[in-house]
Amino acid sequence: KAKTNDGSISLGQPITWNGKKATVRYIGEVKFGKGEWVGLELADGKGVHDGNVLGVAYFECPAGRGIFAQPAMLAGGRAAVPARAAVAPAAVAALRPEDEEAATLPSREKSSDGSVWLGQQVKWKGQEGIVRYIGDVRFAAGEWIGVEMLEVIGMHDGNVMGVPYFKCMARKGIFAQPGQLQTTGTRDSAALEQTLRQVEASATAGALRVGQRVLWSNNHTGTVRYVGPVKFATGQFVGVELDDSVGRHDGTFMGDSYFECMPGKGIFSQASMLSILLVQA
């Protein structure tokens, strides 16, 4: 939107959040909380994200400069007041990774209504997963369920905005509210648990092969071009041609040619740092 509901804040407006200068980049609804929110680009780079939160792109800014706040938390709008404890659950605005490095929030055994419990096999958007976390989160208000999905269709590895709620392979973690999960008509949790562990183990047990599609560094997809020993380190390494140009070489490293790809698209990684994409191109 061009302005907040009360007309006090506009897109592109210089504003102050927690004493820090910022520029308004987004106004409207969000998927991580209720009500009207304002997306800001901080001038000093002490934000949380790049305008993309939990897989949804609301605006664009350099990494680590974006935050979200509700209008009442901002100085510069007509109704601005200091942030109070009452809005603390909406910590998308206040949470920074450096503040929460050691934080691990304990999980509840069951959801408040008793319909979901830890270790339960559930479905989210028709896809199977296992409940790994139940409780409060720092990115939105209310009770949320952390799920490890069977396939690589998630958004994270259980760590969201610097807070480790649970652990799973990259892009297999999602958060949902209890009403968004299907808890009936699903297969046995023990069988799904075994499948998850087999998939996870396959990435570290030498199952990678040339031509296979993989995920590297949580969000970069690529194709395996080499599997074997290298001269620059001991052990088995995997050479990957990334889809985007965030690599380091063209398959030749320290004078030795292991595979061929476009400059800036090649990387080497240990198998344990890669996730196999179950949907192969």
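Let's talk about the overall build of the protein
At step 1: When its secondary structure is counted, the protein shows one helix and 21 strands.
At step 2: Put simply, the protein has 281 residues, and 45% of those count as buried.
At step 3: Within the protein, counting contacts between residues at least 6 apart in sequence, those at least 24 apart form 50% of the total.
At step 4: When the accessible surface of the protein is split by element, carbon and sulfur atoms take 51% of a total near 13,900 Å².

What about the packing of aromatic side chains?
Each aromatic ring pair is characterised by the separation of its centres together with the angle its planes make.
At step 1: Applying the stated criterion across every chain, the model contains 13 aromatic pairs.
At step 2: Pairing Y165 with F175 gives two aromatic rings, centres 5.2 Å apart and planes at 80 degrees, and the pair type is edge-to-face. Here the residue Y165 occupies a position in the loop between β12 (163-164) and β13 (173-176), and F175 occupies one in strand β13, the gap between them amounting to ten residues. Residues Y165 and F175 agree in their burial class; the two are buried.
At step 3: When the ring of Y258 is compared with that of F268, the centres are 5.1 Å apart and the planes differ by 80 degrees; the resulting orientation is edge-to-face. You can see Y258 sitting in the loop between β19 (256-257) and β20 (266-269) and its partner F268 sitting in strand β20, a full ten residues away along the chain. Taken as a pair, Y258 and F268 share a single burial class, namely buried.

Considerations on the environment of R25
At step 1: By the secondary structure assignment, R25 is in strand β2 (residues 20-28).
At step 2: If sequence neighbours within four positions are ignored, R25 has contacts with L11, G39, L40, E41 and F59.
At step 3: Within polar-contact distance, the side chain of R25 engages the side chain of E41 at 2.9 Å.

Focus: the confidence of the model for the protein
At step 1: The share of residues in the protein with pLDDT of 70 or more is 73%, and the mean pLDDT across the chain is 77.
At step 2: Across residues 78-103, where pLDDT falls below 50, the model places 55 contacts with residues more than four positions away in sequence or in other chains.

Some words on the sheet that holds strand β17 (residues 236-242)
At step 1: Overall, antiparallel pairing links the five strands, which are arranged β20-β17-β16-β15-β21 in an open sheet. Among the strands making up the open sheet, the edge pair consists of β20 and β21 (274-276). Each strand axis lies, on average, 45 degrees off the axis of its neighbour in the sheet, ignoring direction.
At step 2: In terms of strand pairing, strand β15 (residues 213-216) meets β21 through three bridges, oriented antiparallel. Bridge pairing in β21 places W216 opposite L274.

Regarding the sheet that holds strand β14 (residues 181-182)
At step 1: In spatial order, the strands read β13-β10-β9-β8-β14; together these five strands make up an open sheet with antiparallel pairing. For this open sheet the edge positions go to β13 and β14, each flanked by a neighbour on one side alone.
At step 2: Bridging between strand β10 (residues 144-149) and β13 involves four bridges; their strand directions are antiparallel. Paired with I145 across the strands is A176, a residue of β13.

A few points about the side chain of S8
At step 1: Its place among the elements puts S8 in the segment before β1 (14-17).
At step 2: For S8, the side chain forms a polar contact with the side chain of D6, separated by 2.7 Å.

Considerations on the environment of C168
At step 1: Its location among the elements puts C168 in the loop between β12 and β13.
At step 2: You can call C168 buried: its relative accessible area is 15%.
At step 3: For the pair C168 and E148, spaced 20 residues apart in sequence, the C-alpha to C-alpha distance is 6.3 Å.

Comments concerning unusual backbone geometry
At step 1: At K125, a residue that is not glycine, the phi angle is positive and equals roughly 55 degrees.
At step 2: Inspection of the secondary structure puts K125 in the loop between β8 (121-124) and β9 (127-135).
At step 3: Backbone geometry at M254 places phi at a positive 55 degrees, although glycine is not the residue there.
At step 4: Tracing the backbone through its elements, the reader meets M254 in the loop between β18 (252-253) and β19.
At step 5: Given a relative accessible area of 66%, M254 falls into the exposed group.

A few points about the nonpolar core
At step 1: I9, I15, W17, A22, V24, I27, V38, L40, L42, I67, A69 and L74 form the largest nonpolar core, which has twelve residues in total.
At step 2: Taken together, the elements giving at least two residues each to this core come down to β1, β2, β3 (37-42) and β6 (66-69).

What counts, and at which threshold
Every chain is numbered on its own, with residues counted from 1 as its sequence reads. At least 70 in pLDDT is required for a residue's local features to be given in this predicted model, at least 80 for side-chain atom pairs to be given and counted, and no such filter applies to totals for whole chains, interfaces and linings, which use all residues. Water and hydrogen atoms were dropped before computing side-chain values, which therefore reflect all heavy atoms in the structure. Runs of E in the DSSP output that reach at least two residues are strands. Runs of H or I that reach at least four are helices, and both are numbered from the N terminus. Only protein chains enter the calculation, and the probe is 1.4 Å; a residue is then buried if its accessible area is under 20% of its type maximum, exposed if over 50%, and partly exposed in between. Contact definition: two residues touch when any of their heavy atoms are within 4.5 Å. Computed with the Shrake-Rupley method and a 1.4 Å probe, the accessible areas treat only the protein chains shown as cover for residues. Stacked, edge-to-face and tilted are the three classes for Phe, Tyr and Trp ring pairs, Trp counted by its six-membered ring, which pair at centre distances within 6.5 Å; planes under 30 degrees apart are stacked, over 60 edge-to-face, the rest tilted. Two N or O atoms count as a polar contact when they lie within 3.5 Å, although within protein this holds only if one can serve as hydrogen donor and the other as acceptor, and sequence-adjacent residues are included solely when both atoms are side-chain atoms. The predictor attaches a confidence to each residue, called pLDDT, with possible values from 0 through 100. Two strands form a pair only when DSSP identifies at least two bridges running between them. For every element, the axis is a line fit to its C-alpha atoms; helices are fit only across the contacting stretch, and the angle between N-to-C directions ranges from 0 to 180 degrees. Here, nonpolar core refers to any group of buried Ala, Val, Leu, Ile, Met, Phe, Trp, Tyr and Cys residues whose side-chain atoms link them within 4.5 Å.

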